[in-house]
Every structure is written in structure tokens, then in C-alpha cells.
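Structure at a glance
Here is how the chains run, residue by residue.
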Amino acid sequence: MAQWLSERLGQQFVVESRPGAGTNLATEAVVNAPPDGYTLLLVAPANAINASLYEKLSHNFMRDIAPVAASTAFPMSWR
């Protein structure tokens, strides 16, 4: 994805993987990053689960993360 974006937009993209805590570590890093428009978070179903599972996260996922674009679609059993 980073290579494709770099080629398409003519700007370097760097992927920084922050595994652990069910995506909470990566989400926190993005929430706490300077609001310069250069930091993106690839959201997964775990982000929605964590928002409802943990009462005391240091971020509010719905308030602190703004959607930019869809990159994947997850199949749902009801479709």
C-alpha cells in the first residue's frame, strides 16, 4: 500500500508497524501525533471492538480519529 501510494501521489510513505495491545498502541501513537496531516491509521475491526470493550482508554476513537478513505471491505455474515 505504501509503495502504491508513493508512486501514485509522488510523495514518500513510510509504514511504521506498532503491534500490541489489540491495536491500542498504534491508535494511541496516531492520536498523539502532531495534527500535520501526514499520519494515517489503517483501521481494523479491532478498533471498533476496543472502543466498546475498554472503559479507560486514553483516547476516544470516534472523537479522535477522522476517516479519510476506505481501503478494504470486510464481508458481513448478514449480507
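Here, every reference points to the structure presented above.
Summarised in this report is the structure supplied together with it.

About the criteria used
Residue indices begin from 1 for each chain and proceed along its sequence in written order. Predicted model: local features are reported for residues with pLDDT of at least 70 only, side-chain atom pairs are reported and counted for 80 or more only, and whole-chain, interface and lining totals are derived from all residues. By convention in this description, side-chain values take in all heavy atoms of the structure and omit both hydrogens and water. Under the scheme used here, helices are H or I runs from DSSP no shorter than 4 residues and strands are E runs no shorter than 2 residues, and both carry numbers assigned from the N terminus. Exposed residues in this analysis have more than 50% of their type's maximum accessible area, buried residues have under 20%, and partly exposed residues fall in between, with area computed by a 1.4 Å probe over protein chains only. We call two N or O atoms a polar contact when they sit within 3.5 Å, provided that within protein one can donate a hydrogen and the other can accept it, with sequence-adjacent residues counted only if both atoms are side-chain atoms.

This part takes up unusual backbone geometry. Although it is not a glycine, alanine 21 adopts a positive phi angle of roughly 60°. Along the chain, alanine 21 turns up in the loop between helix H1 (2-9) and helix H2 (24-32). A relative accessible area of 45% places alanine 21 in the partly exposed class. The phi torsion at threonine 23 lies on the positive side, around 80°, for a residue other than glycine.

This part takes up the environment of arginine 63. With respect to the helices, strands and loops of the structure, arginine 63 is situated in helix H4 (residues 61-64). Distance in space between the C-alpha atoms of arginine 63 and proline 34 is 16 Å, their sequence separation being 29 residues. A distance of 2.8 Å separates polar atoms of two side chains, one belonging to arginine 63 and the other to aspartate 64.

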